[in-house]
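Single-letter residue listing:
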Amino acid sequence: MESFEYNITLLDIFLKAMGEGFPQKVLCCDDYNENLFKQNVYKMKQGYIEWFYEIKECVRSGLLSLVDGIVSGSTKYCEDYGSDKYSNLVFLLWQSLDFFYEEKEVVLSYELAQWLIKSCKKEPCFVPVQDPEHDLERQRTIKEAFRHEYFSALWDVVANGVKNKTFFKWPIESMYKECEKEQVNEVIKYVFGENDGNVTSSFEKLKYESGRRRWSTFDKLFQNERKNYELKKLLEENMLLEKYQVFQSRMIIALFLENLRAILPEKVGKDLTEQIFKLLFLHVKGELIDLKGAFHIRD
């Protein structure tokens, strides 16, 4: 596999792991519509490296909208002051993705395993020092933007997903365990627009049925809850705001990992996919890992 083909493959893997609907909901705008994006992705996958750079920059700038409202000019997913709610996805998984290699399938698997392991760490909780001069609103924004659970979301989802059928199981069960079931159901029904009473069964499927999921299914969940008056009121009245924000942080990681595990067999085969995630699970258990030995990579 030539280096540019490797780069295209990596970017394609990342896009697919974000789920169908991610480009339309997050990356595309009036000047860069869905059809144009699809055309450019098609050109990239045909081997035109210039379109790789085009799509890569599009993904980079689009991901910023999840964490920085001022830079991206959008508060659809976070407030203008920004938030570390989705920092694990943007600043660990995306920014740790190494391009520029010339490898074969097994080495691609090795690089993917190394990427996930490098990204999966217990980030120290950095919280700006609260200045006594800060008003109550400023204190609130700092607290919400730097919740310590955001920094360990990737590690926590992986560590608690070792024995589970899907990566969604632990975030969902944690939300229900820490809050009143009926209050959670009320919020989830509102977010997903389910009026037929099937919210519980739908979430049960997420917990036990593995496979690819669409970004568009979860898009409203990932959006800035403070931009929706009814949702914000519902969360605050039930004292669920903090738990919901942590839930958002964990679910975006669960979506990415669940999709990644589903699509990798198409790229590297079932056995190598299982090896990648086996090593990732060993990593969070604190076991020493010989990555090159696991994939029989020579120095």
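Worth saying up front: this structure is predicted, and the values here are computed from it rather than measured.

S.K.: What is the right way to read the overall build of the protein from this model?
M.R.: Across its full length, the protein holds 18 helices and 0 strands. For the protein, whose C-alpha radius of gyration is 20 Å, the value lies close to the compact-globule estimate of 19 Å for 299 residues. For the protein, the C-alpha atoms occupy an extent of roughly 55 × 45 × 45 Å along the three principal directions. When the accessible surface of the protein is split by element, carbon and sulfur atoms take 48% of a total near 14900 Å². Here the protein contributes 42 positively and 49 negatively charged side chains, and the mean placements of these two sets differ by 4 Å.

S.K.: Before we go on, may I ask you to explain unusual backbone geometry in this structure?
M.R.: Among all residues save glycine, negative phi is the norm, and among peptide bonds the norm is trans. The backbone phi angle of Met239 is positive, close to 55 degrees, even though this residue is not glycine. If you trace the backbone, Met239 turns up in the loop between α15 (229-237) and α16 (241-268). Judged by its relative accessible area of 74%, Met239 falls in the exposed class. Phi angles above zero are rare outside glycine, and His296 is one such case at about 55 degrees. Relative to the elements of secondary structure, His296 occurs in the segment after α18 (291-294).

S.K.: What am I meant to see in the environment of Asn35 here?
M.R.: For Asn35, the location among the structural elements is in helix α3 (residues 34-45). Here the alpha-carbon distance between Asn35 and Gln24, two residues 11 residues apart in the chain, equals 9.3 Å.

S.K.: What am I meant to see in the side chain of Asn224 here?
M.R.: Mapped onto the secondary structure, Asn224 falls in the loop between α14 (215-222) and α15. In contact with Asn224, not counting residues within four places along its chain, are Thr75, Lys76, Tyr77, Cys78 and Glu79.

S.K.: Got a minute to help me understand the packing of helix α11 (residues 169-178) against α16 in this structure?
M.R.: Between two packed helices, both the angle of their axes relative to each other and the distance between the axes serve to describe the pair. Relative to each other, α11 and α16 sit at 165 degrees, their axes nearing to 9 Å. Classified by the interaxial angle, the pair formed by α11 and α16 is roughly antiparallel. Taken as a pair, α11 and α16 cross one another with a handedness that is left-handed. Residues Trp170, Pro171, Ile172, Ser174, Met175 and Glu178 of α11 pack against Lys243, Tyr244, Phe247, Arg250, Met251 and Ala254 of α16.

S.K.: Please explain α3 as it appears in this structure.
M.R.: One full turn of an α-helix is made of 3.6 residues, so residues set three or four places apart face in the same direction. For α3, with 12 residues, the first-to-last C-alpha span of 17 Å sits near the 16 Å given by 1.5 Å per residue. For α3, the full list of buried residues reads Phe37, Asn40, Val41 and Met44. An end-on view of α3 places all buried positions within 100 degrees of arc, on one side of the element. Opposite the buried face of α3, by more than 90 degrees, sit the exposed residues Asn35 and Tyr42. Of the residues trailing α3, Gly47 is marked for its positive phi of about 105 degrees.

S.K.: Help me understand the environment of Leu272 in this model?
M.R.: Structurally, Leu272 is set in helix α17 (residues 270-284). Expressed as a C-alpha distance, the spacing of Leu272 and Ala294, which sit 22 residues apart in the sequence, is 10.0 Å. Ignoring sequence-local partners within four residues, the contact set of Leu272 consists of Glu105, Val106, Ser109 and Phe295.

S.K.: Looking at this structure, how should I read empty space enclosed by the protein?
M.R.: Over the atoms a probe the size of a water molecule is rolled, and this reveals where empty space is left. One pass over the structure, following the stated rule, counts 3 cavities of 30 Å³ or more. Empty space within the largest cavity amounts to approximately 100 Å³. Lining the largest cavity are 15 residues, and of these Glu79, Ser83, Lys85, Glu225 and Gln245 sit closest to its centre. For the lining of the largest cavity, the class distribution of residues is 7 nonpolar, 4 polar and 4 charged. Roughly 70 Å³ of volume is contained in the second largest cavity. Lining the second largest cavity are Tyr6, Leu10, Ser96, Leu97, Asp98, Glu111, Leu112, Gln114 and Trp115.

S.K.: Looking at this structure, how should I read the pattern of salt bridges?
M.R.: A side chain with one charge may pair with a side chain of the opposite charge, provided their charged atoms come close. Counted according to the given criterion, the structure contains 22 salt bridges. A salt bridge links Glu236 to Arg226; the nearest nitrogen and oxygen atoms lie 3.5 Å apart. In this pair, Glu236 sits in helix α15 while Arg226 sits in the loop between α14 and α15, placing the two residues 10 residues apart along the sequence. Residue Glu236 is classed as partly exposed on the basis of its relative accessible area, which comes to 37%. The network of salt bridges with shared partners includes Glu79, Arg140, Glu144, Arg226, Lys232 and Glu236.

Reading the values: the criteria
- Residues numbered from 1 in each chain as written.
- Predicted model: local features only at pLDDT ≥ 70, side-chain atom pairs only at ≥ 80, totals over all residues.
- Heavy atoms only, no water.
- Helix = DSSP H or I, 4+ residues; strand = E, 2+ residues; numbered from the N terminus.
- Rg over C-alpha atoms; globule rule 2.2 N^0.38 Å.
- Areas by Shrake-Rupley, 256 points an atom, 1.4 Å probe, with all protein chains shown as cover.
- Lys, Arg positive; Asp, Glu negative; His and termini not counted.
- Charge placed at Lys NZ, Arg CZ, Asp CG, Glu CD.
- Buried < 20%, exposed > 50% of the residue type's maximum accessible area, 1.4 Å probe, protein only.
- Contact = heavy atoms within 4.5 Å.
- Axes fitted to C-alpha atoms, helices over the stretch in contact; angles between N-to-C directions.
- Parallel < 35°, antiparallel > 145°, perpendicular 65-115°, else oblique.
- Left-handed = near helix turned anticlockwise from the far one by under 90°.
- Expected span 1.5 Å × (residues − 1).
- Arc of directions from axis to C-beta.
- 1 Å grid on protein atoms, 1.4 Å probe; cavity = no way out; pocket = protein on both sides within 12 Å on 5 of 7 lines; lining within 4 Å.
- Points joined across faces, edges and corners; volume = space filled by probe spheres on them.
- Nonpolar A, V, L, I, M, F, W, Y, C, P; charged D, E, K, R; others polar.
- Salt bridge = Lys/Arg side-chain N within 4 Å of Asp/Glu carboxyl O.

Shape descriptors only; they carry no functional weight alone.
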